[in-house]
Amino acid sequence: MKPFIKASHSGEPTTLEQENLLVARQAAWEGMVLLKNDGTLPLHSQKIALYGPGASQTIKGGVGSGEVNERHAVSIWEGLLNRGFEVSTEAWLNDYELLYHRTVTAFAESRRKKVSLLNFKSFLNVLFDTCPIPLGRAITEEDLRKSDTDTCIYVLSRQAGEGGDRKVQKGDYLISDNEEAAIRFCARHYKHFVLVINSGSPIDMGFADRIDGIGAILYICQLGTEGGNAVADVLSGTVTPSGKLVDTWANSYSDIPFSSEYSYLNGDLENEFYKEGIFVGYRYFDTFGVSPRYPFGFGLSYTDFSIDCSGVSVTGSQIHTLATVTNIGTSCAGREVAQLYLTAPEGTLPREYQSLAAFEKTVSLLPGESQTMDLNFDLKDFGLYRESDGCFCLEAGEYLLRLGNSSRNTVAIASISLEQEVILSRHAHICPVTAPFEEIQPPARSRQQLPGDLPKLCVNPKAFHTVEYSYDSPVEVSNPRVTAFLDTLSDRDMVDIVVGDGLLFGNHRFCLPGSVGNTTSKFWNRGLANATLCDGPAGLRIQRRSTQTRSGKIKMLDFPIAGFHYLPDAARKYLTGNPEKESILYQYATAFPVATALAQSWNPALMEQVGNAIFREMREYGCTYWLAPAVNIHRNPLCGRNFEYYSEDPRLAGQMAAALIRGVQQAPGYYVTVKHFACNNQEDHRTSVSSNVSERALREIYLKAFEPAVRDAKAKAVMTSYNKLNGIYTANSQDLCTRVLRSEWGFDGVVMTDWGSTNEGCASSALAIHVGNDLIMPGSKQDKKAILSGLKAGICTRQDLRRCCGNVLHSIFSCAIQREYIDRASR
């Protein structure tokens, strides 16, 4: 029987594709951060010398599940030409193109030699390997002469990805000797020199101190399909940069707390000890007095702004600050981000010097124009977690407000007095530490001389009420249709529903080519559709082109992930279709900027627009679960998947994720899947490492970004992570899957595993069902067998299985595929 599909038989650009490209371009504009500018930017010359690996092979995103298969990604070279510039170094760029393609071809061939058709694990071992980026030949005096311009751009590139962490070595976190030589040559010989950094996360910038003549530094991160056009828009001055850093950039890697113990660096890949506690990112740098190279929230513009406080007020527990931003420049319009920070009083437990409390981005302001914005927050969201009695509390004392445009450029604007301690909420203890360790302790905070006329306000302790959580056993979903269907199912039937239908070769009644997973199609004729799951978070990762035979069989024409090129010839031939004999199906999704770049916009409204664009593509192609956003914290710049995550700050990450979710989940039956729950801050040995973290740091930092995504934005799915948390796999943690998600945050959706989390030697499928991890993905015969055996052994009960199955059914019965192909047909 032919599967149902929504892919198009036409390869022509659609209105949806063109409209989403405009959203992607705007997101790319706002995600770039100007780190330095002596007047070199915007460019004054139309003739440009362009060099560097990222010039013609601009990196749009990272490697792994975060890849997106767009129709075309615009390089910086192409973008400059589109903007009307003359690029006068074509010979160097053409030489680089030849070198690049030779390198990629050789790398793929070297990986194929490591893959055996008889050993699928050998393929998984190379699936996420990243081809080293060739640097290109040396830039010569002849190149300089032929370029015939005084203006030069060099694009420095880095790419990381799933399955491995970055290295503190030259060519990765550090620049190589050849890269430094090329940058030095360009800076010396071109009067106007711009360095563009095309990397998903920070690099060591110490070389910039050793090289004179770098006029401007633009951090573009990785900007997706429209990146080249957007960069050209900013370089030309058509768009003024407005992005702000979402991470602290250290002067030296050694400035990061316990940096030498991260991941592989201390030789222990089985345990990662979060000794910095709550002092992550700027919370560490600001509290311990360590000077950063670029502070959290930093970003320049082509114009200048003033930010003034126009008033502070208290309404109940809500704090309102009126911030007036004025463009005090004379030549161009621009946008600024007003940032409000809160310093809590020193009490019985150490606190960070300050934390981000609120922020807002202005509209584009012409010179002389102003905008007044209400930066507001609820003081109850800034309690500390006290492990001794399991509560979030606000300690009595003075809470200081600081207003500015980065964590290191603020002024005190008011103090808020709380006369007595307030207990905000009481909690059951979760995820106990099993391998004790000592956390860092901050120095005593020196008294700061504050202005004598600083406004002083009070918040009434009675404005708060204490939340008491109940941790009753979870109950089966209350839905008559679900209950009636459950009553018809055997144990084996329920196991078929809570275990996915495999990664590549499932017999799916509805088929979305390139989806990374499906629920079962076994019960289609009994009124249950199969749901499709597609990777993110930079867009919808599906196949560009597929083929369909007359009998309905669908095969790849383009691979959904770059690592498939590492398969031996015979495997690739077997997996791919024949476009000469079979009809072609088209699905062109949009590659948006990576999560870090999106967060650098500091613009939740833009995030909602991006979410809306992704929703429209989900609806177009039939995706039920989008496996995004990813809201893990940037704990260390070496994490291989940092580009998929938003920030070192949980409040910023949570607000950006919540806005994206509101855009995606605007209609019933289209679901986000918030991941990776929790503490997936390391890629090396990610399926065995234990993230060892105190309960306080867990609740204040690492769970904090997930909470607004679930509690406020009502995310309908959550994905557990590969790692252990304090010795227990997250997929087997009742504390995470049930106590936190359902009892504390009110989650009513589906909890699923990450792909292969229950493989041999990892988490238990049966225990996952017991603790409330509803869906095992991508699913295998071994998972089904393990759950049935677990039922007999008492690891899980039929009630556990029925509850998880009910959650999955409730989700699928509400999805668009169910409505479109089954419910409509039954009417």
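Refer to the structure printed above.
Just so we're clear, the structure is a prediction, and the values are computed from it rather than from any experiment.

**Considerations on the overall build of the protein chain**
Then comes step 1: Scanning the protein chain from terminus to terminus reveals 23 helices and 34 strands.
Then comes step 2: Its C-alpha atoms give the protein chain a radius of gyration of 27 Å, within 12% of the compact-globule value 28 Å for 827 residues.
Then comes step 3: Seen through its principal axes, the protein chain has C-alpha atoms that stretch 75 × 70 × 55 Å.
Then comes step 4: Relative to its full complement of 827 residues, the protein chain shows a buried share of 63%.
Then comes step 5: Of all intrachain contacts in the protein chain linking residues separated by at least 6 positions in sequence, the fraction that spans at least 24 positions is 79%.
Then comes step 6: When the accessible surface of the protein chain is split by element, carbon and sulfur atoms take 49% of a total near 30500 Å².
Then comes step 7: When the 82 basic and 92 acidic side-chain charges of the protein chain are each reduced to a single mean position, those positions are 6 Å apart.

**Regarding the nonpolar core**
Then comes step 1: Y646, F677, Y702, M752 and L809 are the most contacted members of the largest nonpolar core, which has 142 residues in total.
Then comes step 2: Take this core: its biggest share by element is 9 residues, from helix α16 (residues 650-664).
Then comes step 3: Counting 67 residues, the second largest nonpolar core, distinct from the first, contains I48, I139, I197 and L223.

**Some words on the pattern of salt bridges**
Then comes step 1: Scanning the model with the defined rule gives 57 salt bridges in all.
Then comes step 2: Among the salt bridges present, the one from R111 reaches D129, with a minimum N-O distance of 2.8 Å. Of this pair, R111 sits in helix α4 (residues 90-112) while D129 sits in the loop between α5 (120-124) and α6 (141-147); the two residues are 18 residues apart in sequence, bridging distant segments of the chain.
Then comes step 3: Here D129 falls in the partly exposed class, since its relative accessible area comes to 24%.
Then comes step 4: Between R386 and E421 there is a salt bridge; the shortest N-O distance is 2.9 Å. Placement of the pair is R386 in strand β15 (residues 384-386) and E421 in the loop between β18 (409-418) and β19 (422-426), with a sequence separation of 35 residues.
Then comes step 5: Owing to a relative accessible area of 36%, E421 belongs among the partly exposed residues under this scheme.
Then comes step 6: Each of E162, R641, E644, E683 and R686 takes part in a single network of salt bridges with overlapping partners.

**Points about the side chain of N479**
Then comes step 1: Note that N479 resides in the loop between β21 (467-468) and α11 (480-486).
Then comes step 2: Since its relative accessible area comes to 19%, N479 is described here as buried.
Then comes step 3: A polar contact of 2.9 Å, which involves the side chain of N479, links it to the backbone nitrogen of R481.
Then comes step 4: A polar contact of 3.1 Å, which involves the side chain of N479, links it to the side chain of H810.

**Things to note about a nonpolar patch on the surface**
Then comes step 1: A contiguous nonpolar surface patch, about 270 Å² in accessible area, is contributed by F120, L124 and L503.
Then comes step 2: Relative to the assigned elements, L124 resides in helix α5.
Then comes step 3: The partly exposed category is assigned to L124, whose relative accessible area is 39%.

**Notes on the environment of Q159**
Then comes step 1: Relative to the elements of secondary structure, Q159 occurs in the loop between β4 (151-157) and α7 (177-189).
Then comes step 2: Non-local contacts of Q159, meaning those with residues more than four positions away in its chain, are made with I59, G61, G62, V63, T130, I133 and Q222.

**Examining the packing of aromatic side chains**
Then comes step 1: Here the structure, examined in full by the defined rule, presents 32 aromatic pairs.
Then comes step 2: For the ring pair Y219 and W249, a centre distance of 4.9 Å and an interplane angle of 75° mean the geometry is edge-to-face. With Y219 in strand β6 (residues 216-219) and W249 in strand β7 (residues 249-250), this residue pair connects regions lying 30 residues apart in the sequence. An identical accessibility class is assigned to Y219 and W249; each is buried.
Then comes step 3: Measuring from ring centre to ring centre gives 5.1 Å for Y274 and Y702, while their planes differ by 80°; the resulting arrangement is edge-to-face. Placement of the pair is Y274 in the loop between β8 (271-273) and α10 (282-288) and Y702 in helix α17 (residues 695-702), with a sequence separation of 428 residues.
Then comes step 4: Owing to a relative accessible area of 1%, Y274 belongs among the buried residues under this scheme.
Then comes step 5: Judged by its relative accessible area of 2%, Y702 is buried.
Then comes step 6: An aromatic cluster of at least three residues, connected via ring pairs, comprises Y51, W92, Y96, Y100 and Y190.
Then comes step 7: The ring of Y264 has K167 lying over it, and the distance from NZ or CZ to the ring centre is 4.6 Å.

**What to know about the packing of helix α1 (residues 15-31) against helix α15 (residues 604-621)**
Then comes step 1: It is the contact of α1 with α15, at a shortest axis distance of 10 Å, that shows an interaxial angle of 155°. With respect to each other, α1 and α15 are oriented roughly antiparallel. In this structure, α1 crosses over α15, and the sense of that crossing is left-handed. Residues L16, E19, N20, V23, Q26, A27 and E30 of α1 touch α15, and the partners they reach there are L606, Q609, V610, A613, R616, E617 and E620.
Then comes step 2: Of the residues in the contact of α1 with α15, the class split is 6 nonpolar, 3 polar and 5 charged.

**Points about the sheet that holds strand β34 (residues 750-752)**
Then comes step 1: Overall, parallel pairing links the 3 strands, which are arranged β29-β31-β34 in an open sheet. Each of the sheet's edge strands pairs with one partner strand only, and the pair in question is β29 (674-677) and β34. Strand-to-strand, the axes of this sheet are offset by a mean angle of 25°, without reference to chain direction.
Then comes step 2: Two elements, strand β31 (residues 717-720) and β34, share 3 bridges in a ladder whose sense is parallel.

**What about α1?**
Then comes step 1: Relative to the 24 Å expected for 17 residues at 1.5 Å per residue, α1 spans 25 Å between its end C-alpha atoms, a close match to the ideal helical length.
Then comes step 2: For α1, the full list of buried residues reads L16, E17, N20, V23, A24, A27, A28, E30 and G31. End-on view of α1: buried residues confined to an arc of 165°, all on one side of the axis. Seen from the open side of α1, the exposed residues pointing more than 90 degrees away from its buried face are T15 and L22.

Thresholds applied
- Residues numbered from 1 in each chain as written.
- Predicted model: local features only at pLDDT ≥ 70, side-chain atom pairs only at ≥ 80, totals over all residues.
- Heavy atoms only, no water.
- Helix = DSSP H or I, 4+ residues; strand = E, 2+ residues; numbered from the N terminus.
- Rg over C-alpha atoms; globule rule 2.2 N^0.38 Å.
- Buried < 20%, exposed > 50% of the residue type's maximum accessible area, 1.4 Å probe, protein only.
- Contact = heavy atoms within 4.5 Å.
- Areas by Shrake-Rupley, 256 points an atom, 1.4 Å probe, with all protein chains shown as cover.
- Lys, Arg positive; Asp, Glu negative; His and termini not counted.
- Charge placed at Lys NZ, Arg CZ, Asp CG, Glu CD.
- Core = buried A, V, L, I, M, F, W, Y, C linked by side-chain atoms within 4.5 Å.
- Salt bridge = Lys/Arg side-chain N within 4 Å of Asp/Glu carboxyl O.
- Polar contact = N/O pair within 3.5 Å; in protein donor to acceptor, adjacent residues only side chain to side chain.
- Patch = residues over 30% accessible without salt bridge, like charges linked within 9 Å, V, L, I, M, F, W, Y side chains within 5 Å.
- Phe/Tyr/Trp six-rings, centres within 6.5 Å; stacked < 30°, edge-to-face > 60°.
- Lys NZ or Arg CZ within 6 Å of the ring centre and 35° of its normal.
- Axes fitted to C-alpha atoms, helices over the stretch in contact; angles between N-to-C directions.
- Parallel < 35°, antiparallel > 145°, perpendicular 65-115°, else oblique.
- Left-handed = near helix turned anticlockwise from the far one by under 90°.
- Nonpolar A, V, L, I, M, F, W, Y, C, P; charged D, E, K, R; others polar.
- Pairing = 2+ DSSP bridges.
- Expected span 1.5 Å × (residues − 1).
- Arc of directions from axis to C-beta.

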